[in-house]
Amino acid sequence: MSLNRRNFIRTSLGSAALATVAACTGTSGKGEGGCCGAGKCGKSGFLYSPEAKLNISFQEWTLEGESLNGKLDFMEKHGVNGLEVSGNGLSGRVDELKRALEGRDIKISAICAGFKGFMLSEDESVRNECRDSMHEIIAAAGALGSTGVIIVPAFNSQKPVMPHTQETRDFLCQWFDELGTFAVENGTAVILEPLNRREAFYLRLVADAASICRDINNPGVTCLGDFWHMTWEETSDLGAFISGGKHIRHVHIASRKRRLMPGEDGDADNYVDGFRGLKVIGFDKYVSFECGSKADDRNAVAVAGVELIRKQWEEA
């Protein structure tokens, strides 16, 4: 095996995990005895949390068709139990969504952005627009029982933007702390999303987002891991999710070459390593499709993607 950066990180993590297992069980970590506590030792050598559970979510626009109820019927048929919607105009849709979900085994997962302005603008009026629109979306998210509202500090196209400095990070922490407190008051959270460098200069690693959550230490400030962005930025999917730990609130998934449905990029669409990380941290929220499709039958490849994810979750 060549000692490139990814393999070095993976090997180091694996060695640390085996040492932890050995210390925990009083064995050499080679199979004598069982893991401690209620957890289960996975194939990675890590101790899996019994809390880990796979919940699959579709964004509202994942499937073909214009009828929300038709999409929800299709999702229920295939065991998809989360619906991710846009924050754009969400306050005016609360009653509609509640009626559509009544009596169904489907919940609102995360709210995908939809805010105005951006938080790292040099223009105070733009920052205030972001704060005010986020307040409106957060209140609606809470009314719907959503896990949280996804936000990106700044996209590459948004200018003028604050410089990437310690002062900017301090400002971000203060801003998020206030927003997180408002989210807790509404029974939900804000979810910070790291992106790849082609889309955003600020926050590209799950660990960076999690470190902000840690420093703020507010239960309303959380983060997510997106397999598409992680493909280009992370050295290890497993390591990325472990670095996020308790702060991971949501996961996005797509094919790993073209951001299509999981499986549309063939063997490249392997999420097992990441699922091992989610099992270690006891992730029990939603893995949500955020992707397009090149297939003639969009719904059929969505179902195939669900089957692939379930299979790889078991393999993990």
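Note that this is a predicted model, so its numbers are computed, not measured. (Residues numbered from 1 in each chain as written. Predicted model: local features only at pLDDT ≥ 70, side-chain atom pairs only at ≥ 80, totals over all residues. Heavy atoms only, no water.)

1. Overview of the overall build of the protein chain
Then step 1. Per the secondary structure count, the protein chain includes 10 helices and 10 strands.
Then step 2. Expressed as a percentage of its 316 residues, the buried residues of the protein chain come to 52%.
Then step 3. Considering only contacts in the protein chain between residues 6 or more positions apart, those separated by 24 or more positions represent 76%.
Then step 4. Of the roughly 14,200 Å² of accessible surface on the protein chain, 49% is carried by carbon and sulfur atoms. (Helix = DSSP H or I, 4+ residues; strand = E, 2+ residues; numbered from the N terminus. Buried < 20%, exposed > 50% of the residue type's maximum accessible area, 1.4 Å probe, protein only. Contact = heavy atoms within 4.5 Å. Areas by Shrake-Rupley, 256 points an atom, 1.4 Å probe, with all protein chains shown as cover.)

2. Regarding the packing of helix 4 (residues 124-144) against helix 5 (residues 166-185)
Then step 1. Remark: helix 4 packs on helix 5, axes separated minimally by 10 Å, with the N-to-C direction vectors making an angle of 25 degrees. With respect to helix 5, the axis of helix 4 lies roughly parallel. Taken as a pair, helix 4 and helix 5 cross one another with a handedness that is right-handed. Across the interface between the two elements, Arg-127, Cys-130, Arg-131, Met-134, His-135, Ile-138 and Ala-139 of helix 4 pack against Phe-171, Trp-175, Leu-179, Phe-182 and Ala-183 of helix 5.
Then step 2. In the contact of helix 4 with helix 5, the residues fall into 9 nonpolar, 1 polar and 2 charged. (Axes fitted to C-alpha atoms, helices over the stretch in contact; angles between N-to-C directions. Parallel < 35°, antiparallel > 145°, perpendicular 65-115°, else oblique. Left-handed = near helix turned anticlockwise from the far one by under 90°. Nonpolar A, V, L, I, M, F, W, Y, C, P; charged D, E, K, R; others polar.)

3. So, the side chain of Asn-81
Then step 1. On the secondary structure map, Asn-81 appears in the loop between helix 2 (68-77) and strand 4 (82-86).
Then step 2. At a separation of 2.9 Å, a polar atom in the side chain of Asn-81 contacts the side chain of Asn-55.
Then step 3. Ignoring anything within four residues of it in the chain, the contact list for Asn-81 reads Asn-55, Ile-56, Asp-105, Ile-106, Lys-107 and Tyr-286. (Polar contact = N/O pair within 3.5 Å; in protein donor to acceptor, adjacent residues only side chain to side chain.)

4. Brief notes about the state of the cysteines
Then step 1. Considering all chains together, one arrives at 0 disulfides under this definition.
Then step 2. The thiol of Cys-213 is not disulfide-bonded; the next cysteine sulfur, from Cys-223, is found 4.3 Å away. (Disulfide = S-S within 2.5 Å.)

5. Details of helix 9 (residues 272-281)
Then step 1. Burial of helix 9 is extensive: 8 of the 10 residues sit out of reach of the surface.
Then step 2. By the burial criterion, the buried members of helix 9 are Val-272, Asp-273, Gly-274, Phe-275, Arg-276, Gly-277, Leu-278 and Lys-279.
Then step 3. A positive phi of about 70 degrees marks Gly-282, the residue just after helix 9.

6. Overview of the nonpolar core
Then step 1. Leu-83, Met-134, Phe-176, Phe-275 and Phe-289 are the most contacted members of the largest nonpolar core, which totals 75 residues.
Then step 2. When residues of this core are assigned to their parent elements, the largest contribution, 8 residues, is made by helix 4.
Then step 3. When near neighbours in sequence (up to four residues on either side) are disregarded, Phe-275 contacts Phe-227, Ile-253, Ile-309, Gln-312, Trp-313 and Ala-316. (Core = buried A, V, L, I, M, F, W, Y, C linked by side-chain atoms within 4.5 Å.)

7. Brief notes about the sheet that holds strand 10 (residues 286-289)
Then step 1. One closed barrel holds the 8 strands; their spatial order is 3-4-5-6-7-8-9-10, and the pairing between them is parallel. For this sheet, the mean angle separating the axes of adjacent strands, direction not counted, is 30 degrees.
Then step 2. In this sheet, strand 8 (residues 221-226) lies alongside strand 7 (residues 190-192) in parallel orientation, the contact comprising 3 bridges. Considered in strand 8, the bridge of Ile-191 is made with Thr-222. (Pairing = 2+ DSSP bridges.)

8. Here's the deal with the packing of aromatic side chains
Then step 1. This structure, assessed with the given rule, holds 9 aromatic pairs.
Then step 2. Site record: aromatic cluster; members linked through ring pairs are Phe-227, Phe-241, Tyr-271, Phe-275 and Trp-313.
Then step 3. The residue whose ring lies beneath Arg-198 is Trp-232, and the NZ or CZ to ring-centre distance is 4.8 Å. (Phe/Tyr/Trp six-rings, centres within 6.5 Å; stacked < 30°, edge-to-face > 60°. Lys NZ or Arg CZ within 6 Å of the ring centre and 35° of its normal.)

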